[in-house]
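# Chains, contacts and geometry: an overview
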Amino acid sequence: MTLSRSVSAAVLARDARYRRDIADLTPKLVEIRRDLHQHPELSNREERTAKLVAERLRALGLEVKTGIAHHGVIGVLRGGKPGQVIAIRADLDALPIEEARDTPYKSRNPGVMHACGHDAHTTVALGVAEILAKYRADLPGAVKFIFQPAEEGPPRGERGGAKMMIEEGALDAPAPDAIFGLHCMPMLESGSIGYCETAAMASADRFLITVRGKKVHGAYPHEGVDAIVTAAAVIEQLQTIRSRRIDTQAPLVLSIGSIHGGNRFNILADEVRMEGTARTLDPDVHARIEPLMRQILKGVTESHGASYELDYERIVPVTVNNPQLVAQMLPTIRRIVGDERALAMRPQMGAEDFSYFANRVPAFFYFLGVGNKAKGITAMLHTPDFDVDEQCLPVGVEVMAAMATDWLEAAARRP
Ligand SMILES: [Zn+2]
Ligand SMILES: [Zn+2]
């Protein structure tokens, strides 16, 4: 491990103290993670999980608020010295997936599984709360723990997640000056941390296109308007957004995943409905997708004598890290896991509603290695075989606790 020349003896002593305490805490971390893993709850249904989190935070002496955006929990740890506020966000919900791996901690809730590792995220944040609570007298400022429900998206017809937590005051009183979050990453071996300097996760939008024509006998197409031929032209033209309208250096995915229209072989369809998704890593590109789609839809449908409707929903913005904050925290990550385990990564095309926090507060969202090829833990997120190497838990706590402490101390030193 290469140590930065400027690390003080006091910081190294604190690292050693945290590391020793986290080693003692590890059996409890594993127990908490297994308890959460065995009792996964779907988005906006995280009742038991929220109760467990609130009880632990109260036991540690934090100021706790519950019931934010349904089952959200916030815990504030006030340090013994004045200073700024750092927030740490973890998500609580699980997915409607039947777990395939046979482990002693397999899900006991049929058809529901922590397949995105939010059980590990919650466990790491609780572990950080425990370590920092022990040394709260030394902390300049406060740590705000935000436990967020419904990251995977609320059920249809319901509201929830990061956006709703913010609307209900998650970033007020105290208002954090920066925020950290992490996500499990099975492509990285446990013990390592992955990071992106700016964009970390993509935006995710959902759209529904309805192309309307005029129904006639299939033998007399000139008497009607064929919604199917129009829809075919629309699909082709939409792909020119990617190939001809957006800078080739900016990643963009525009996919139509479902198409339905027509009801008989000899009748021209009067309506075609298409559903799809658009994703990008560039907030400027994100803003342009819908207007470009409308331009194409208008032009193509008009030229066919048809019409259209577009229902465009921006679900999650791009998750963009604050580059100065990343640069500030990288030495901490390298100090804890070692230079060779602090890995620069390409951004992920998956989406994260942590982006709503990152749009409001300087943010750093990084990836916690949870894979272990030797143990056969390699399955991707959102699959029935997903698991984490539990050795990731103490690493996750150590990195986050050191980052929060370093950040607060640096903020307190600033004039
Ligand atoms: Zn997920
Ligand atoms: Zn997730």
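Residues numbered from 1 in each chain as written. Chains lettered and ligands numbered in written order. Predicted model: local features only at pLDDT ≥ 70, side-chain atom pairs only at ≥ 80, totals over all residues.

An ideal rise of 1.5 Å per residue puts 27 Å on 19 residues; helix α5 (residues 227-245) measures up with 25 Å between its terminal C-alpha atoms. Where α5 bends most, at Q239, the angle is about 25 degrees. For α5, every residue scored as buried is listed here: A227, T230, A231, V234 and L238. In this structure, the buried residues of α5 make contact with β8 (204-212), β9 (252-261), β10 (271-280) and α6 (283-303). (Helix = DSSP H or I, 4+ residues; strand = E, 2+ residues; numbered from the N terminus. Expected span 1.5 Å × (residues − 1). Bend = angle between axes of the 7 residues up to and from the residue. Buried ≥ 20, exposed ≤ 12 C-beta atoms within 10 Å, placed from the backbone. Contact = placed C-beta atoms within 7 Å.)

Looking now at the nonpolar core. In terms of nonpolar packing, the biggest core is built from 92 residues, with I88, V128, M400 and A404 touching the most fellow members. It is helix α9 (residues 392-413) that provides the largest number of residues to this core, a total of 12 residues. Among the domains, domain 1 (9-202 + 317-413) and domain 2 (204-316) are the pair contributing at least three residues each to this core. Ignoring anything within four residues of it in the chain, the contact list for A404 reads I86, I88, V128, L132, V143 and F180. The next biggest cluster of nonpolar side chains, apart from the first, holds 23 residues, and it includes I209, L238, V285 and V300. (Core = buried A, V, L, I, M, F, W, Y, C linked by C-beta atoms within 7 Å. Domains from an automatic or database assignment.)

You can read the domains of the protein chain as domain 1 (9-202 + 317-413) and domain 2 (204-316). The distance between the C-alpha centroids of domain 1 and domain 2 comes to 39 Å. Each partner contributes to the interface: domain 1 provides 12 residues, whereas domain 2 provides 10 residues. Contributions of two or more residues to the side of domain 1 that touches domain 2 are made by β7 (199-202) and β14 (348-351).

So, about the sheet that holds strand β5 (residues 178-189). Reading across from one edge, β1-β2-β4-β3-β5-β15-β6-β13 is the order of the eight strands in this open sheet, with mixed pairing throughout. In the strand order of this sheet, the two ends are held by β1 (63-68) and β13 (342-344), each with one partner. Across the sheet, the mean angle from the axis of one strand to that of its neighbour is 25 degrees, orientation sign disregarded. Where strand β6 (residues 193-195) meets β13, three bridges bridge the pair, whose relative direction is parallel. (Pairing = 2+ DSSP bridges. Axes fitted to C-alpha atoms, helices over the stretch in contact; angles between N-to-C directions.)

It is worth spelling out unusual backbone geometry at this point. In this chain, A173 is followed by P174 through a cis amide linkage whose omega measures 0 degrees. By the element assignment, P174 lies in the loop between α4 (162-167) and β5. The backbone of A69 shows a phi angle near 50 degrees, a positive value even though the residue is not glycine. Of note, A69 is situated in the loop between β1 and β2 (72-78).

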